[in-house]
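Descriptive analysis of the structure
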Amino acid sequence: MTNSKRYTITAALPYTNGPVHIGHLAGVYVPADIYARFLRATGNDVIYICGSDEHGVPITIKAKKEGVSPQDVVDKYNAIIKKSFEDFGISFDNYSRTSAEIHHKTASEFFKKLYDEGKFIEEASEQLYDEEANQFLADRFVIGTCPKCGNEESYGDQCEKCGTSHNATDLINPKSAITGNVPTMKVTKHWYLPLDKYEQWLREWIVEGHKNDWKTNVLGQVKSWLDDGLKPRAVTRDLDWGIPVPVEGGEGKVLYVWFDAPIGYISSTKEWAAREGKDWEPYWKDKDTKLIHFIGKDNIVFHCIIFPAMLKAEGSYILPENVPANEFLNLEGDKISTSKNWAVWLHEYLVDFPNQQDVLRYALTASAPETKDNDFTWKDFQARNNNELVAIFGNFINRVVVLTNKYYEGVVPEPNELSDLDNETLEKLQKYPAVIASSIDRYRFREASQELMNLARLGNKYLADEEPWKAIKTNPERVKTIMYVALQIAAGLSIVCEPFLPFTSIKLKGILNISESVKWDEIAKTETLIAPNHKIGQAELLFSKIEDEEIQKQLDKLEATKQANEAENKMVEPQKETIQFDDFTKLDIRVGTILEAVKVPKTKKLLQLKVDVGIDIRTIVSGIAESFSPEDIIGQKVTVLVNLAPRVLKGIESQGMILMTDTTDGKLAFIEPENDAVANGEQVS
């Protein structure tokens, strides 16, 4: 592991226009928390910094939609997000907000220094303007066709379909998101950061300098941007929500959110330092400090090109040592979407699965989207819990604690001479902290979580091979040694599981009645982690089995969301051309009853029906087999167009048409009389 004097870890500032979901957790906050907890466990000086990102156009859009102020929106979601993180055990050293006074001051001073030193370009240019709304349109107030992939609903700053960043003026057929009007062009003045001046430096620093230690997905995206050529990027916007531009001519303008937000890491650090009575500057300006940004892949350009260029322009700050960006996490095969409510929200999970924070932490880590997009499914979540946490980790601990209490009244036995297997097992235990540390140090948290589980497997295999429950009858002295060795593994697990399963670690240390005295690195050096004659507590289940019914509730919730989205987005067919009353009277529609129904061979959709329509019983072939089983529709009241010309389908003459419609879930539904007493043959008029 590479050692530094101190570590500054940042996690992407969550945007306060909605709660936190599992995509955010898997991509940013859980891996960052594992890393921070690991660094603390190995005795490092580390701060883990975050805060709410509370400026920008989406906030103002949501405020207008809800009829409240932008401050009301950010206050609401900041409270939800902050509490969710706390309840979930995300161990930030400081969680701030970009609406805080200290942030406004820090961001303004940062801008002013670059302005005074001539690091910006001041330029008047034509920007999109909504005449009806009487305002310039910031990027998220513009929707149009992406010039790269053709997505017709791309935002003015970034296409969410292909991930390309662009300017609003690059969009094809742009429209105002406020009024829907086609915007005009109007001259306005802004300040720009000349990214092109930093292009060669960025290439040398990242593409060449970090080609061996940064993720390939990060390097690839940075190289693509550099190869396309960097252009000056505006750092101000015509808005009234944000940090006012602190120079003459900046009236009615604010700092662009992408400029203001990353400075939030610095202002949050200042807030922490003031509270703790420490100096913030070494954590951002000392070359012996290692700065790591944890982000999702949609933030790579901001943290690997724009923010480093800002820091380089300012001149006194260190640059990130690594930016281990993750890919995206999907949900049950579909892209997570806040607007479509297609997500597992953290605050809802904490209610639905009380005291099971570590289950979600483990499931998200074990299937983390580290190198490619991955998929979260509730069935996999259940399997991770039941087959790994319960059956492997929990099972081992339970057996060790139960047998120690059963045989020795909870007192750790004095071991006798260690066998070759005992020594081999203890040697493997001593190696695991370094193995897990190596994976974490290379940002391979998924790999590290499986090494943790392998340590629990080691304990289970040891017990299975030694069978103390049998040996107690024939060789009780040997059992003392077996249980002593097993307890050392249990104690080791309580220490190395903490970054991944912090609540479990606390509970397990409580069961084993051990203090924080043994540190991570000492496991490899210490002969005894839990000493003979030490008294442990009674067994408690670390994890409980999650039943199918609990999972089905979550699947039903998602299905309800899917149906609601389909209903909302369902296009109603426009009215057909106008007909005359005489045209309508030509239709003979009658009430009937289905008497028989069978599937038409070699077809998926067709049923052959016998229908009593009052005037006769006739055969009708209907394409309803994917919505109804034959046995379920015998006796079904229907309405039938009886004077439709006969038509042969699959060799069967069909003598009419049953009237149907669609439901929101895509199934068919019968058009039937409300009153069952309506007789067959009655006409519909």
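Summarised in this report is the structure supplied together with it. Because the structure is predicted, anything quoted here is derived from the model rather than measured.

Brief notes about the overall build of the protein chain
- In terms of regular secondary structure, the protein chain is built from 19 helices and 25 strands.
- C-alpha extents for the protein chain along the principal axes are approximately 100 × 85 × 40 Å.
- Classification of the 685 residues of the protein chain by burial places 52% in the buried group.
- Put simply, 74% of the contacts in the protein chain that link residues at least 6 apart link residues at least 24 apart.
- Carbon and sulfur atoms make up 48% of the accessible area of the protein chain, which amounts to about 31800 Å² in all.
- One way to put it: in the protein chain the 80 positive side-chain charges average out to a point 3 Å from where the 104 negative ones average out.

As for the environment of Leu137
- Position of Leu137 relative to the elements: it lies in the loop between β5 (135–136) and β6 (142–145).
- In this structure, the C-alpha to C-alpha distance between Leu137 and Met185, residues 48 residues apart in sequence, is 10.0 Å.
- Non-local contacts of Leu137, meaning those with residues more than four positions away in its chain, are made with Leu128, Tyr129, Asp130, Val142, Ser176, Ile178 and Pro183.

Describing helix α17 (residues 502–512)
- All of the buried residues along α17 are Pro502, Thr504, Ser505, Leu508, Lys509, Ile511 and Leu512.
- Buried residues along α17 sit in contact with α1 (22–41), α11 (357–366), α12 (378–408) and α16 (476–496).
- Just downstream of α17 lies Asn513, where phi reads positive at about 60 degrees.

Re the pattern of salt bridges
- Scanning all chains against the criterion turns up 36 salt bridges.
- Among the salt bridges present, the one from Lys223 reaches Asp227, with a minimum N-O distance of 2.8 Å. On the criterion of helical spacing, the pair formed by Lys223 and Asp227 is a turn pair, its members being four residues apart in helix α6 (residues 216–228).
- Since its relative accessible area comes to 44%, Asp227 is described here as partly exposed.
- Arg444 serves as the salt-bridge partner of Glu447, at 3.9 Å between the closest nitrogen and oxygen.

Quick look at α12
- Residue Gly394 marks the point of greatest curvature in α12, where the axis turns by about 40 degrees.
- A positive backbone phi angle near 55 degrees is found at Glu409, which sits one or two residues after α12.

Overview of the sheet that holds β6
- Read from one edge of the open sheet, three strands run β7-β6-β8, paired in antiparallel fashion. Looking at the sheet topology across the chains shown, the edges are occupied by β7 (154–155) and β8 (172–176).
- As defined by bridge partners, β6 adjoins β7 across two bridges and the pair is classed as antiparallel. Across the sheet, Gly144 pairs through a bridge with Ser154, a residue of β7.

Here we look at the packing of aromatic side chains
- Enumeration over the complete set of coordinates arrives at 40 aromatic pairs.
- Aromatic pair Phe85 and Phe92: ring centres 5.2 Å apart, planes at 85 degrees, arrangement edge-to-face. Across this residue pair, the class does not change: Phe85 and Phe92 are buried.
- Aromatic side chains Phe110 and Tyr317 sit 6.0 Å apart centroid to centroid with 40 degrees between the ring planes, which places their arrangement in the tilted category. One end of the pair, Phe110, is in helix α4 (residues 101–116); the other, Tyr317, is in the loop between α9 (300–314) and β14 (329–331), and 207 residues separate them in sequence.

Points about the nonpolar core
- Ranked by internal contacts, the top residues of the largest apolar core, which has 170 residues, are Phe381 and Phe393.
- Considering every element that reaches this core, the biggest residue donor is α16, with 13 residues.
- Those residues in contact with Phe381, other than ones at most four positions away along the chain, are Tyr349, Phe353, Val359, Leu360, Ala363, Phe376, Ile546 and Ile551.
- Within the second largest apolar cluster, 16 residues are counted, among which are Leu607, Val611, Ala625 and Val638.

Digging into the packing of helix α13 (residues 420–441) against helix α14 (residues 445–466)
- In contact at an axis separation of 8 Å, α13 and α14 are set at 170 degrees when each is read in the N-to-C sense. As far as their axial angle goes, α14 and α13 are roughly antiparallel. Here α13 contributes Leu421, Asp422, Thr425, Lys428, Leu429, Tyr432, Val435, Ile436, Ser439 and Ile440 to the contact with α14, which in turn contributes Phe445, Glu447, Ala448, Glu451, Leu452, Asn454, Leu455, Leu458, Tyr462 and Glu466.

A look at the packing of α11 against α14
- Two numbers describe how α11 lies on α14: the axes approach to 8 Å, and their chain directions differ by 120 degrees. When the interaxial angle is binned, α11 and α14 end up oblique. For the pair α11 and α14, the contacting residues are Tyr362, Thr365 and Ala366 in the first and Phe445, Arg446, Ser449, Gln450 and Met453 in the second.

Some points on the pairing of strand β19 (residues 617–622)
- The buried count for β19 comes to five of six residues, which makes it a mostly enclosed element.
- Examined bridge by bridge, strand β18 (residues 607–612) and β19 share six bridges and lie antiparallel to one another. Looking at the pairing, Gln608 lines up with Val621 of β19.
- Taking the residues between adjacent antiparallel strands as the criterion, β18 and β19 are bridged by four residues, where Gly614 takes a positive phi near 85 degrees.

Topic: the side chain of His303
- Along the polypeptide, His303 turns up in helix α9.
- In this structure the side chain of His303 is engaged in a polar contact, spanning 2.7 Å, whose partner is the side chain of Tyr265.
- Apart from the residues lying within four places of it in its own chain, the contact partners of His303 are Tyr265, His293, Ile295, Pro308, Pro320 and Val323.

Digging into the sheet that holds β14
- With mixed pairing, three strands are arranged side by side in an open sheet as β15-β14-β16. Two strands in the sheet have a free side with no partner beyond their single neighbour: β15 (334–335) and β16 (374–376).
- With three bridges joining them, β14 and β16 adopt parallel strand pairing. Directly across from Leu331, in β16, lies its bridge partner Phe376.

A closer look at the side chain of Thr289
- Looking at the secondary structure, you find Thr289 in strand β13 (residues 289–294).
- Classification of Thr289 as buried rests on a relative accessible area of 7%.
- Within polar-contact distance, the side chain of Thr289 engages the backbone oxygen of Pro282 at 2.7 Å.
- Residue contacts for Thr289: discarding those within four places in its chain leaves Arg6, Tyr7, Thr8, Pro282, Tyr283 and Ile318.

Let's talk about the state of the cysteines
- Applying the stated criterion to the full structure yields zero disulfides.
- You can see Cys50 has no disulfide; the closest cysteine sulfur is in Cys304, sitting 17 Å from it.
- Judged by relative accessible area, Cys304 falls into the buried class, the value being 0%.

Description of unusual backbone geometry
- With a phi close to 55 degrees, Asn173 is a non-glycine residue in the positive phi region.
- Its location among the elements puts Asn173 in strand β8.
- Classification of Asn173 as exposed rests on a relative accessible area of 58%.
- Of note, Asn355 is a non-glycine position whose phi angle comes to about 60 degrees, a positive value.
- Positionally, Asn355 belongs in the loop between α10 (346–352) and α11.
- For Asn355, a relative accessible area of 73% puts it in the exposed group.

Reading the values: rules and limits
- Residues numbered from 1 in each chain as written.
- Predicted model: local features only at pLDDT ≥ 70, side-chain atom pairs only at ≥ 80, totals over all residues.
- Heavy atoms only, no water.
- Helix = DSSP H or I, 4+ residues; strand = E, 2+ residues; numbered from the N terminus.
- Buried < 20%, exposed > 50% of the residue type's maximum accessible area, 1.4 Å probe, protein only.
- Contact = heavy atoms within 4.5 Å.
- Areas by Shrake-Rupley, 256 points an atom, 1.4 Å probe, with all protein chains shown as cover.
- Lys, Arg positive; Asp, Glu negative; His and termini not counted.
- Charge placed at Lys NZ, Arg CZ, Asp CG, Glu CD.
- Salt bridge = Lys/Arg side-chain N within 4 Å of Asp/Glu carboxyl O.
- Bend = angle between axes of the 7 residues up to and from the residue.
- Pairing = 2+ DSSP bridges.
- Phe/Tyr/Trp six-rings, centres within 6.5 Å; stacked < 30°, edge-to-face > 60°.
- Core = buried A, V, L, I, M, F, W, Y, C linked by side-chain atoms within 4.5 Å.
- Axes fitted to C-alpha atoms, helices over the stretch in contact; angles between N-to-C directions.
- Parallel < 35°, antiparallel > 145°, perpendicular 65-115°, else oblique.
- Polar contact = N/O pair within 3.5 Å; in protein donor to acceptor, adjacent residues only side chain to side chain.
- Disulfide = S-S within 2.5 Å.

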